[in-house]
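Residues per chain, in single letters:
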Amino acid sequence: QVQLVESGGGLVQAGGSLRLSCAASGRTFSRYIMGWFRQAPGKERQFVAAISWGGGNTPYADSVKGRFTISRDNVRKMVYLQMNSLKPEDTAVYYCAADYSTVVLTSDESYDYWGQGTQVTVSS
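J.: Quick one: what's the story with the overall build of the chain, residue by residue and with numbers?
T.: Counting its secondary structure elements, the chain contains zero helices and 10 strands. Along the chain direction, N to C, the helices and strands of the chain fall in the order β-β-β-β-β-β-β-β-β-β. The C-alpha radius of gyration of the chain comes to 13 Å, within 12% of the 14 Å expected for a compact globule of 124 residues. By principal-axis analysis of the C-alpha atoms, the chain measures approximately 40 × 25 × 25 Å. Taking all 124 residues of the chain together, 44% fall into the buried category. Counting every atom, the chain has about 6400 Å² of accessible surface; 44% of that belongs to carbon and sulfur. Charged side chains in the chain number 12 positive and 10 negative. The centres of these two groups are separated by 8 Å.

J.: Give a detailed account of the nonpolar core, specifying residues and quantitative values.
T.: In this structure, Met34, Trp36, Leu81, Met83 and Tyr94 are the most contacted members of the largest nonpolar core, which totals 37 residues. Of all the elements in the fold, those that place two or more residues in this core are strand E3 (18-25), strand E4 (33-39), strand E5 (46-51), strand E6 (68-73), strand E7 (78-83), strand E8 (92-99) and strand E10 (118-123).

J.: Can you tell me about the state of the cysteines, naming the residues and giving the values?
T.: Scanning the entire structure with this criterion turns up one disulfide. Paired by a disulfide, Cys22 and Cys96 hold their sulfur atoms 2.2 Å apart. Here the S-S torsion is close to -80°, and the disulfide linking Cys22 with Cys96 is therefore left-handed. Of this pair, Cys22 sits in strand E3 while Cys96 sits in strand E8, and the two are 74 residues apart along the sequence.

J.: Mind laying out the pairing of E7, listing which residues take part and the relevant values?
T.: Summarising burial for E7: five of the six residues are buried, a large majority. With six bridges joining them, E6 and E7 adopt antiparallel strand pairing. For Phe68, the partnering residue across the bridge sits in E7 and is Met83. Between the antiparallel neighbours E6 and E7 lie four residues, among them Lys77 with a positive phi of about 55°.

Calculation rules
- Residues numbered from 1 in each chain as written.
- Predicted model: local features only at pLDDT ≥ 70, side-chain atom pairs only at ≥ 80, totals over all residues.
- Heavy atoms only, no water.
- Helix = DSSP H or I, 4+ residues; strand = E, 2+ residues; numbered from the N terminus.
- Rg over C-alpha atoms; globule rule 2.2 N^0.38 Å.
- Buried < 20%, exposed > 50% of the residue type's maximum accessible area, 1.4 Å probe, protein only.
- Areas by Shrake-Rupley, 256 points an atom, 1.4 Å probe, with all protein chains shown as cover.
- Lys, Arg positive; Asp, Glu negative; His and termini not counted.
- Charge placed at Lys NZ, Arg CZ, Asp CG, Glu CD.
- Core = buried A, V, L, I, M, F, W, Y, C linked by side-chain atoms within 4.5 Å.
- Disulfide = S-S within 2.5 Å.
- Pairing = 2+ DSSP bridges.

Put into structure tokens, the structure is as follows:
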């Protein structure tokens, strides 16, 4: 099993950047598929990005391609989401998720472990 804690959220102006971090615990972290999801008020939880064990497979939601970058550090047991060119529609609570899988997952129902979330607010 693994425990996840997100950090790095906050208030930023449109066009700005923010880097989210996810600290993970667990002896087998390097074997977990990691993902970032977000949920805005009144909307369903949305896939943002995911990353494979070695970082070679990184699918992104169409809405964030070219702006967001997911990465991981298996030694430090950290996952990051670099967010550039932020837009007001990026405003949401961002969640880090993990699953012990051999394939990258993009559905929130497929992930077994979740962090508490961190708020990202982008002003116009």
